[in-house]
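# Structural features, examined
These are the residues of each chain, in order.
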Amino acid sequence: MTPVRAVKHGRSNKRDPVSGDDGILGTQAISGTTRPGWDEYFMQIARTVATRATCPRASVGCVLTRDRRILTTGYNGAPAGVGHCFDVGCLLVGGHCQRATHAEANAVVQAALHGVGISGTTAYCTHQPCVNCSKLLISAGVKRIVYEFPYIDPIAVQLLAEAGIPSDAFGTMASLHS
């Protein structure tokens, strides 16, 4: 477990990079409160993004970041101009909703629509990406994936490994301290 770093009260808001600050376990004690590490911070935002999902089968969120900055977000739901699953029902084929676009794909689409380059980013996903989203993230130049809930897809895992993209399972801070 990464040690907790105490920061003196009254210190300026400017921070020097800390070894391990980007890691999954990086929390810091500041003025008696716990400050989340970067992975925890961005995963919390991915969870919030997931609350916008419009397919009742799953609420999935994705946040694409680079250099500790959010570039785009996406959640699972119908494409623009198409009825939402909540309103018109899911369109199921082989147990998968064909109406909803996955969160990772929507995050990539948002980048394309707004001219935001996403090469070299980290994807924070509430759920482990499926094979199609994994291929999309590989092709888009994503360099790391952090996910909370597993979605076991051996082909996705194989392709990410071949591409040299780490896919890290995120553990909540509560579970890491117990």
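Residues numbered from 1 in each chain as written. Predicted model: local features only at pLDDT ≥ 70, side-chain atom pairs only at ≥ 80, totals over all residues. Heavy atoms only, no water.

If you tally the helices and strands in the protein chain, you get 6 helices and 10 strands. Going through the 178 residues of the protein chain one by one, you find that 36% of them count as buried. Long-range pairs, those at least 24 residues apart, make up 50% of the contacts in the protein chain with a sequence separation of at least 6. On the protein chain, roughly 9,900 Å² of surface is accessible, and the fraction owed to carbon and sulfur atoms is 56%. (Helix = DSSP H or I, 4+ residues; strand = E, 2+ residues; numbered from the N terminus. Buried < 20%, exposed > 50% of the residue type's maximum accessible area, 1.4 Å probe, protein only. Contact = heavy atoms within 4.5 Å. Areas by Shrake-Rupley, 256 points an atom, 1.4 Å probe, with all protein chains shown as cover.)

Any pair of aromatic rings gets described here by the distance separating the centres and the angle formed by the planes. Scanning the entire structure with this criterion turns up 4 aromatic pairs. Seen in terms of ring centroids, Phe-42 and Tyr-124 are 5.2 Å apart; in terms of plane orientation they differ by 40 degrees. Their pairing is tilted. With Phe-42 in helix H1 (residues 38-50) and Tyr-124 in strand E8 (residues 122-127), this pair connects stretches of sequence that are 82 residues apart. An aromatic cluster is present here, built from Trp-38, Tyr-41, Phe-42 and Tyr-124 joined pairwise through their rings. (Phe/Tyr/Trp six-rings, centres within 6.5 Å; stacked < 30°, edge-to-face > 60°.)

Our next topic: the state of the cysteines. Scanning all chains against the criterion turns up 0 disulfides. Cys-90 carries a free sulfur, and the closest cysteine sulfur to it, the one in Cys-55, is 3.7 Å from it. Accessibility expressed as a relative area gives 29% for Cys-90, which makes it partly exposed. The closest cysteine sulfur to the non-disulfide-bonded Cys-125 is located on Cys-62, 3.9 Å from its own sulfur. (Disulfide = S-S within 2.5 Å.)

Let's shift gears to the packing of helix H4 (residues 131-140) against helix H5 (residues 154-162). Relative to each other, H4 and H5 sit at 15 degrees, their axes nearing to 8 Å. Comparing their axes, H5 and H4 come out roughly parallel. Seen from above, H4 lies across H5 with right-handed handedness. Between H4 and H5, the contacting residues are Val-131, Ser-134, Lys-135 and Ile-138 on the first element and Ile-155, Ala-156, Leu-159 and Leu-160 on the second. Split by residue class, the contact of H4 with H5 holds 6 nonpolar, 1 polar and 1 charged. (Axes fitted to C-alpha atoms, helices over the stretch in contact; angles between N-to-C directions. Parallel < 35°, antiparallel > 145°, perpendicular 65-115°, else oblique. Left-handed = near helix turned anticlockwise from the far one by under 90°. Nonpolar A, V, L, I, M, F, W, Y, C, P; charged D, E, K, R; others polar.)

Another aspect to go through is the pattern of salt bridges. Per the counting criterion, the structure on display carries 3 salt bridges. Among the ionic pairs, Asp-39 bridges to Arg-144, the shortest N-O distance being 2.9 Å. In this pair, Asp-39 sits in helix H1 while Arg-144 sits in strand E9 (residues 144-149), placing the two residues 105 residues apart along the sequence. Arg-144 is the partner of Asp-168 in a salt bridge, and the nearest nitrogen-oxygen pair spans 2.9 Å. Here Arg-144 lies in strand E9 and Asp-168 lies in strand E10 (residues 167-169), a separation of 24 residues in the sequence. What you see here is one network of salt bridges that share partners, running through Asp-39, Arg-144 and Asp-168. (Salt bridge = Lys/Arg side-chain N within 4 Å of Asp/Glu carboxyl O.)

Contact geometry of helix H3 (residues 103-113) with H4 gives a least axis separation of 9 Å together with a crossing angle of 30 degrees. The angle between the axes of H3 and H4 places the two elements in the roughly parallel class. In terms of crossing hand, the pair formed by H3 and H4 is left-handed. Residues Glu-104, Ala-105 and Val-108 of H3 form the contact with H4, whose participating residues are Cys-133, Leu-136 and Leu-137. Residue composition of the contact of H3 with H4, by class: 5 nonpolar, no polar and 1 charged.

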